[in-house]
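Survey of secondary and tertiary structure
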Amino acid sequence: MSEAAAHKIPVTVLTGYLGAGKTTLLNRILSENHGKKYAVIVNEFGEIGIDNDLIVGADEEVFEMNNGCVCCTVRGDLVRIIDGLMKRKGKFDAIILETTGLADPAPVAQTFFVDEDVREKTALDAVVTVADAKWLSDRLKDAPEAKNQIAFADVIVLNKTDLVTKPELAEVEARIRAINPYATLHKTERAQVKLSDVLGRGAFDLDRILEIEPEFLDDGGHDHDHDDCHDENCTHEHHHHGHDHHHHGHDHGHGHGLKHYHDEDMQSLSLRTDKPIDPTRFMPWLQELVAKDGEKILRSKGILSFKGDDDRYVFQGVHMMLEGDHQRKWRNDEKRESRLVFIGRELPEQAIREGFEKTIA
């Protein structure tokens, strides 16, 4: 990580549909003796229901908690709030930004790419989505925001697992994976997840794209032909993909018959090649793609092996915003290959595949 990045305060965006358990998680952050000083920004104090017993002092719109953390409301401009927090005495270890249950996390995330002042002082760490195991399947049918929150997440906390049966839990997990196969998934009751599993993930740090997901895109054909299966109750078994997703870390060997759903609305698309890429073709293609279809592309990231270049190039994007950089030398013992992933709505899959093919040197 560059020295400049090391001095930036990490910001975690916490999202999730109404009632999923975000408040429970926030109250833990604001009350546990974790030895860290977090600043929590909530949209509306009354709505989120922060436990008043935790508040020991208030200074304008910033409330101090008895464990040293602070909580404040976004009454106006997020940029102004962050600026105000930065001026307070005593540095924060991190900022947690809670979005309302109906908010799409993308515009919030984009603030950290677009605003110069915010960029200078903070770095987007990860988008964490809390999902309700009991009601998520229903919400995915009737609430596009719920789908956006799953698709956009780096970490998903599947909460209230005690309220569903094992088959119901497997079902909701399969629906999540149809939308976002790449996020880390934690199954919890009462949002009891280790804070280190949701904070300080570095998911937007270009240097850590692979560290977070050691098998980033290691999918053995994750973009499996779902064209033959447009029924939303399609249940062809998942075991034929020749991988077991163990990097998601949670006991769902797909051979146990975890159903595989094809989500009509939201897709993930992964591409890979072991042939070198021509940067003079790739860069214009990627920029043109996000300029034209960026509205549909929620997240994109990739690791590239450019022709005649000994350094790996990594990039990531949120809608039309792209950032990329040379990262480090390719090691002698690693396979030089390029890997990309796109998650979005109604992705022009064929056009993306064909365009990518044309960038091969």
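Below, the structure is looked at part by part. What you are looking at is a predicted structure, and each value in this text was computed from that prediction instead of being measured.

Overall, the coordinates contain 6 aromatic pairs when judged by the stated rule. Ring centres of W285 and F356 lie 6.1 Å apart, and the angle between their planes is 45°; on these two criteria the pair is classed as tilted. With W285 in helix α12 (residues 279–293) and F356 in helix α13 (residues 349–357), this residue pair connects regions lying 71 residues apart in the sequence. Through a chain of ring-to-ring contacts, the aromatic side chains of F282, W285, F306, Y313, F315 and F356 assemble into a single cluster.

Moving on, we come to the sheet that holds strand β13 (residues 321–329). Sheet architecture is open: 5 strands sit in the order β10-β14-β11-β12-β13, paired in antiparallel fashion. The strands lining the two open edges of the sheet, one partner per strand, are β10 (266–273) and β13. Between one strand and the next, the sheet's axes are offset by a mean angle of 10°, whatever the strand orientation. For strand β11 (residues 297–304) and strand β12 (residues 311–318), the ladder comprises 6 bridges, and the chain directions are antiparallel. Looking at the pairing, I303 lines up with V314 of β12. Seen against the sheet, helix α8 (residues 144–152) touches β10, β11, β12 and β14 (338–345) and runs at an angle of roughly 10° to β11. Across the face of the sheet, α13 comes into contact with β10 and β14 while running at roughly 15° to β10.

All right, on to unusual backbone geometry then. The general pattern is negative phi for most residues beyond glycine and trans for most peptide bonds. At K160, a residue that is not glycine, the phi angle is positive and equals roughly 65°. Topologically, K160 is positioned in the loop between β8 (155–159) and α9 (166–179). Overall, K160 belongs to the partly exposed group, its relative accessible area being 24%. The residue E346 is not glycine, and still its phi comes out positive at about 45°. Mapped onto the elements, E346 comes out in the loop between β14 and α13.

Let us now look at the side chain of R28. Within the fold, R28 resides in helix α2 (residues 22–31). Classification of R28 as buried rests on a relative accessible area of 11%. Leave out the neighbours within four places in its chain, and R28 touches H34, A191, Q192, V193 and L195.

Most of α2 sits inside the fold, with 7 of its 10 residues counted as buried. Listing the buried residues of α2 in full gives K22, L25, L26, N27, R28, I29 and L30.

Two faces belong to every sheet, and in a regular strand the side chains alternate between them. Counting buried residues in strand β1 (residues 9–16) gives 7 out of 8 residues, a clear majority hidden from the surface. Taken together, the 8 bridges between β1 and strand β7 (residues 122–132) define a ladder with parallel strand orientation. The residue of β7 that forms the bridge with L14 is V128. Across 4 bridges, β1 lies against strand β6 (residues 94–98) in parallel orientation. The residue bridging T12 from the neighbouring strand is I96, located in β6.

Each value, and the rule that gives it
- Residue numbers run consecutively from 1 along every chain, following the written order of its sequence.
- This being a predicted model, a pLDDT of at least 70 is required before a residue's local features are given, and a value of 80 or more before pairs of side-chain atoms are given or counted; all residues contribute to the totals for chains, interfaces and linings.
- The basis for the side-chain values is all heavy atoms of the structure; hydrogens and waters are excluded.
- For Phe, Tyr and Trp, rings pair up if their centres lie within 6.5 Å, where Trp contributes its six-membered ring, and each pair is then called stacked (planes under 30 degrees apart), edge-to-face (over 60) or tilted (otherwise).
- Numbering goes from the N terminus for both helices and strands, where a helix is a DSSP run of H or I of at least four residues and a strand is a run of E of at least two.
- Pairs of strands are assigned from DSSP output, requiring at least two bridges between the strands.
- Every axis in this analysis is a line fitted to C-alpha atoms, fitted for helices over the stretch in contact. Angles between the N-to-C directions lie between 0 and 180 degrees.
- A contact between two residues is defined here by any heavy atoms of the two lying within 4.5 Å.
- Only protein chains enter the accessibility calculation, which uses a 1.4 Å probe. A residue is then buried if its area is under 20% of the maximum for its type, exposed if over 50%, and partly exposed in between.

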